[in-house]
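Read off the chains here:
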Amino acid sequence: MSDTLDWNAKTIAEFRANEGRVGGNFEGAPLVLLHHPGRKSGREHVNPVMYLPHDTEPDVIYVFATKGGAPTNPDWYHNLTAAGVGSVERGTETYKVTVRELTGAERDRIYAEQARRYPGFAEYARQTAGIRIIPVLELRRA
């Protein structure tokens, strides 16, 4: 098992054992488990990701395809945008979501807010500058 898969599996187990709370790098941060179908295999995948809640709509969250500042987008981003739907585990609740990619000023505003709250996101943007723009996805309860 790769280090990333092993780390994801441990984070997922901790999330589920503690009603959506985890320690380590994610301690105190808003975290969801993102379920998405593989675009080739159709098999369900699960990834832990940080999110930003919408200011006024509790059924909307934003997720960020940072891949830790890597030069390529994560597989979950490609899977979610291809499917247009997925589901999230948020706390003890699991629900289906629709997916919309943000662009332009809307994307920039949401990403800037996440980077303000969590400076690591500003570092990811610096690492990918001139290579890619980190995608921001709106996940809305279906």
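Description of the structure in this document.

Basis of the calculations
- Residues numbered from 1 in each chain as written.
- Predicted model: local features only at pLDDT ≥ 70, side-chain atom pairs only at ≥ 80, totals over all residues.
- Heavy atoms only, no water.
- Helix = DSSP H or I, 4+ residues; strand = E, 2+ residues; numbered from the N terminus.
- Buried < 20%, exposed > 50% of the residue type's maximum accessible area, 1.4 Å probe, protein only.
- Core = buried A, V, L, I, M, F, W, Y, C linked by side-chain atoms within 4.5 Å.
- Contact = heavy atoms within 4.5 Å.
- 1 Å grid on protein atoms, 1.4 Å probe; cavity = no way out; pocket = protein on both sides within 12 Å on 5 of 7 lines; lining within 4 Å.
- Points joined across faces, edges and corners; volume = space filled by probe spheres on them.
- Nonpolar A, V, L, I, M, F, W, Y, C, P; charged D, E, K, R; others polar.
- Phe/Tyr/Trp six-rings, centres within 6.5 Å; stacked < 30°, edge-to-face > 60°.

### A short note on unusual backbone geometry
A negative phi holds for most residues other than glycine; trans holds for most peptide bonds. At E19, a residue that is not glycine, the phi angle is positive and equals roughly 55°. Relative to the helices and strands, E19 resides in the loop between α1 (3-17) and β1 (31-37). Positive phi, close to 50°, is recorded for K67, a residue that is not glycine. Here K67 is to be found in the loop between β3 (60-64) and α2 (75-83). Judged by relative accessible area, which is 41%, K67 ranks as partly exposed.

### With respect to the nonpolar core
Y62, F64, I110, Y111, F121 and V136 are the most contacted members of the largest nonpolar core, which totals 19 residues. Those elements that place two or more of their residues in this core are α1, β1, β2 (44-53), β3 and α3 (104-117). Ignoring anything within four residues of it in the chain, the contact list for I110 reads L52, Y62, F64, L102 and V136. Counting 16 residues, the second largest nonpolar core, distinct from the first, contains V63, Y77, V88 and Y95.

### Considerations on the layout of surface pockets
If you add up the space inside the largest pocket, you get close to 1,000 Å³. Along the wall of the largest pocket there are 34 residues; nearest its centre are T4, N8, N47, P48 and W76. Contributions of two or more residues to the lining of the largest pocket are made by α1, β2, α2 and α4 (120-128). Broken down by element, the residue count for the lining of the largest pocket peaks at seven residues, all from β2. Of the residues contributing to the lining of the largest pocket, the split by class is 16 nonpolar, twelve polar and six charged.

### Overview of the environment of A29
Looking at the secondary structure, you find A29 in the loop between α1 and β1. Sequence-wise, A29 and G69 are 40 residues apart; in three dimensions their C-alpha atoms are separated by 18 Å. Residues in contact with A29, not counting those within four places in the same chain, are M50 and Y118.

### Quick notes on the packing of aromatic side chains
On inspection of all chains with the given rule, the structure shows five aromatic pairs. Between the aromatic rings of F64 and Y111, the centroid separation amounts to 5.7 Å while the plane-to-plane angle is 75°, which identifies the pairing as edge-to-face. With F64 in strand β3 and Y111 in helix α3, the pair connects residues that are 47 residues apart, well separated along the chain. The two residues F64 and Y111 agree in class, both being buried. Both rings, one in F121 and one in Y124, keep their centres 5.5 Å apart while their planes meet at 70°; by these two values the pair is edge-to-face. Linking F121 with Y124, this pair stays in helix α4, spanning three residues, or about one helical turn. Given a relative accessible area of 6%, F121 falls into the buried group.

Remember, this is a structural readout, not a statement about activity or role.
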